[in-house]
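# Coordinates in review
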Amino acid sequence: MSMLNIRAAIVKEIGAPWEIFDVQLAPPGPDEILIRMVGTGMCHTDIICRTGFPVPMPIVLGHEGAGVVESVGKAVTKVKPGDHVVLSFDSCGSCRNCTHHQPAYCFEFLPRNFGIGRKADHGSALSLNGEPLTAGFFGQSSFATHALAREINTVVIAKDLPLEIMGPLGCGIQTGAGAVANSLGLRAGDSLAVFGGGAVGLSAVLAARALDAGTIVVVEPTAERRALALELGATHAIDPRVTSDVLAEIKSLCGGVNYAFDTTGIPAVIGVAIETLLPGGVLGMVGAPPPDAMMPASLMSMLARGVGAKYILEGDSEPQVFIPKMIDWYRAGKFPFDRLIKKFPFEAINEAAHASEIGEAIKPVLIF
Ligand SMILES: [Zn+2]
Ligand SMILES: [Zn+2]
């Protein structure tokens, strides 16, 4: 097979806009799968990589792809042409954490998903007029009409599902929902406080609702997002710009919470989140902090309640297990993640990013 001519959105240097070009993609290797994209979600990680997180450039980003399999390499056995698939993050499948069902903590996570420190002899599958582009972002680079993935990050889904909006289950929605369901292990009746009502925070609300949580408090400054949080199953929504003492407010509502979930990465918010915890509670964190941020917590206060705090990657999810679980919830009407999605044509990728940055779109999905 010769090189394929596809179209891809390229970021040429830090801060540059996306530009769509005709590029060349290598045919699938023995363990690879070629997918024609139908819809790709845009995640905060795409935006921070465009604006400064040190990925090698020029690069094709995009890591919430959904599409149809066109062809597979000789060693691929579980995926076949015509399958509808959702793509997720990449992992090696063989390190200590991968073999313990924790692929989000794969020891090769950075090289495999961000191309950081990848071996120099790793030939790129993508090129523009003969110049190599960084390919394989999150094992896919799906801001393109076609992408290459492997079995480990390709999840086959049923053909009656709305394929074009399914991609975000592979990262952003999995990150919020998995944090609540997998990492925190929330059970029926438990209470939860969510700090930040974006795509990840609202996905945590959706999972808490699907698991029959008790009190669910969302702290979020944007009125539309607070309203949506309440529609999706939050029991209370607090505007931190109006409520001067958020901790006192949460305590007055429910006495405190079993679990807290921070999506903001803001140290002052994290400090409040830890203090909202009831004895034995746990704070899960996913927000990117400022580079010099430290944990703003009283150790004695944490000891007195036996509470913990931890960073969570990809919702502690095994994509092959957790994506089907979210789909089951969705089919049962308990997980309306489609309410978070706003569609844009692929050509409007910069408008989609802008709509996300100004809070107009919670989860943009690019349609091919
Ligand atoms: Zn691994
Ligand atoms: Zn993501």
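This text goes with the structure placed above it.
Let me sum up the structure you'll find in this document. (Residues numbered from 1 in each chain as written. Chains lettered and ligands numbered in written order. Predicted model: local features only at pLDDT ≥ 70, side-chain atom pairs only at ≥ 80, totals over all residues. Heavy atoms only, no water.)

As a further point, take helix H1 (residues 44–51). In an α-helix, one turn spans 3.6 residues; hence positions three or four apart end up facing the same way. Those residues of H1 lying buried are Thr45, Asp46, Ile47, Cys49 and Arg50. In this structure, the buried side of H1 is in contact with strand S3 (32–41), helix H3 (109–114) and helix H11 (349–357). One or two residues past the end of H1 sits Gly52, with phi positive at roughly 160°. (Buried < 20%, exposed > 50% of the residue type's maximum accessible area, 1.4 Å probe, protein only. Helix = DSSP H or I, 4+ residues; strand = E, 2+ residues; numbered from the N terminus. Contact = heavy atoms within 4.5 Å.)

Quick look at the sheet that holds strand S13 (residues 257–262) now. Either a parallel or an antiparallel arrangement is found when strands of a sheet pair, and the pairing is made through backbone hydrogen bonds. Read from one edge of the open sheet, six strands run S12-S11-S10-S13-S14-S15, paired in parallel fashion. Every interior strand has two partners, whereas the edge strands, strand S12 (236–238) and strand S15 (308–311), have only one. Between one strand axis and the next, the sheet turns through 15° on average, direction left out of account. Where strand S11 (residues 216–219) meets S12, three bridges bridge the pair, whose relative direction is parallel. Its bridge partner being in S12, Val217 is matched across the sheet by His236. Running over the sheet, helix H7 (residues 246–254) touches strand S10 (192–195), S11, S12 and S13 and is turned about 165° from S12. (Pairing = 2+ DSSP bridges. Axes fitted to C-alpha atoms, helices over the stretch in contact; angles between N-to-C directions.)

This next bit is on the coordination of the zinc ion (ligand 1). Note on the zinc ion (ligand 1): its protein donors are Cys92 (SG), Cys95 (SG), Cys98 (SG) and Cys106 (SG). The metal-donor distances range over 2.3 to 2.4 Å. One way to put it: the four donor atoms around the zinc ion (ligand 1) meet at angles of 105 to 117°, and that makes the site tetrahedral. Counting residues between consecutive donors of the zinc ion (ligand 1) along the chain gives the motif C-x2-C-x2-C-x7-C. One end of the pair, Cys95, is in the loop between strand S5 (84–87) and helix H2 (96–99); the other, Cys106, is in the loop between H2 and H3, and eleven residues separate them in sequence. For Cys95, a relative accessible area of 12% puts it in the buried group. (Donors = N, O, S within 2.8 Å, 3.2 Å for Na, K, Ca; no water. Tetrahedral: all angles 85-135°; square planar, octahedral: opposite > 155°, others 65-115°.)

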